[in-house]
Amino acid sequence: PGAVDFSGLQMRVKRSEVTGGGTLSTKGLLTADLGFRDVNPALLPWWKPPQGTPPGDLDGRVRVTARRIAPRPDATLALTLSPGRIGRLAIQRGSIRLVAHPDGGAVFDSSWIQMPGGVLSVRGRLGSNRSLDATVNGRIDDLTRLNPLLGGMPAESGTGRVRGRIIGTVDDPRCVAQGDL
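Residues numbered from 1 in each chain as written. Predicted model: local features only at pLDDT ≥ 70, side-chain atom pairs only at ≥ 80, totals over all residues. Heavy atoms only, no water.

Trainee: Could you give an account of the overall build of the protein chain, with specific residues and numbers?
Mentor: Summing up its helical and strand segments, the protein chain has one helix and 13 strands in all. Moving toward the C terminus, one meets the helices and strands of the protein chain in the order β-β-β-β-β-β-β-β-β-β-β-α-β-β. Dimensions of the protein chain, computed from C-alpha atoms along their principal axes, come out at roughly 65 × 30 × 25 Å. Per-residue burial over the protein chain gives 29% buried out of 181 residues. Taking the contacts inside the protein chain whose residues are at least 6 apart along the sequence as the reference set, 34% of them involve residues at least 24 apart. A total accessible area of about 11200 Å² is found for the protein chain, and carbon and sulfur atoms account for 57% of it. Positive and negative side-chain charges in the protein chain, numbering 24 and 16 respectively, have mean positions lying 3 Å apart. (Helix = DSSP H or I, 4+ residues; strand = E, 2+ residues; numbered from the N terminus. Buried < 20%, exposed > 50% of the residue type's maximum accessible area, 1.4 Å probe, protein only. Contact = heavy atoms within 4.5 Å. Areas by Shrake-Rupley, 256 points an atom, 1.4 Å probe, with all protein chains shown as cover. Lys, Arg positive; Asp, Glu negative; His and termini not counted. Charge placed at Lys NZ, Arg CZ, Asp CG, Glu CD.)

Trainee: Tell me about the nonpolar core, residues and numbers included.
Mentor: Judged by nonpolar contacts, the single largest core of 21 residues is most densely connected at F36 and I91. Those elements that provide at least two residues to this core are β3 (30-39), β4 (56-67), β5 (74-81), β7 (89-91) and β9 (106-115). When sequence neighbours within four positions are dropped, the list of residues in contact with I91 reads L58, L81, S82, P83, G84, R85, I86, I113 and Q114. (Core = buried A, V, L, I, M, F, W, Y, C linked by side-chain atoms within 4.5 Å.)

Trainee: Which residues make up the environment of R93, and what are the values?
Mentor: Looking at the secondary structure, you find R93 in strand β8 (residues 93-100). Overall, the relative accessible area of 45% leaves R93 in the partly exposed class. Considering only alpha carbons, one finds R93 and P49, 44 residues apart in sequence, at a separation of 22 Å.

Trainee: Tell me what's going on with the pairing of β3, and back it up with residues and numbers.
Mentor: Within a regular beta strand, the side chains point alternately toward one face of the sheet and then the other, so they alternate between its two faces. Direction of pairing for strand β2 (residues 16-25) relative to β3: antiparallel, over a ladder of eight bridges. Across the sheet, the residue bridging to E17 is R37, located in β3. Hairpin geometry of β2 and β3 is characterised by an intervening segment of four residues between the two adjacent antiparallel strands and by a positive phi of about 95° at G28. As paired strands, β3 and β4 are joined by eight bridges and run antiparallel to one another. Looking across to β4, one finds that V39 is bridged to L58. (Pairing = 2+ DSSP bridges.)

Read these as layout, nothing more, since geometry by itself doesn't imply function.
Put into structure tokens, the structure is as follows:
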């Protein structure tokens, strides 16, 4: 009467797994709490990732609230990341909040990822045309723990801060950054 509850959802896409449940109201409101495991950001079937997106393994939970599901939702996604990786970037934990609009654009705020050696926070906008405008702030607690990302320039010690802005498109981003090490 007025809603369909679903639980025990278990879905596999490629080698990724999604489990959980939720409620779909006859008035078009969807709420769900889902766990995900082994998600490769380079192979997301519902979104075209930028060319060169490194493979990875992401685990965590996502809470979804969506209204007016068709043709495009007005949705809020709150992701909690467990230990995983994207390319050479190890992720210890993280939180990503994304608000998707019916025009295809989205806003992300209060998003952060803790990695060995520091924390990276991001807020910004994704346009329906894949435009991007974001600010990035990073705190480096131990630069040596970021050596896997530094390639041929390993650090012996260091702490610091990084501030930057990313503009352009998802497929062709441009970054201006300043760091104090």
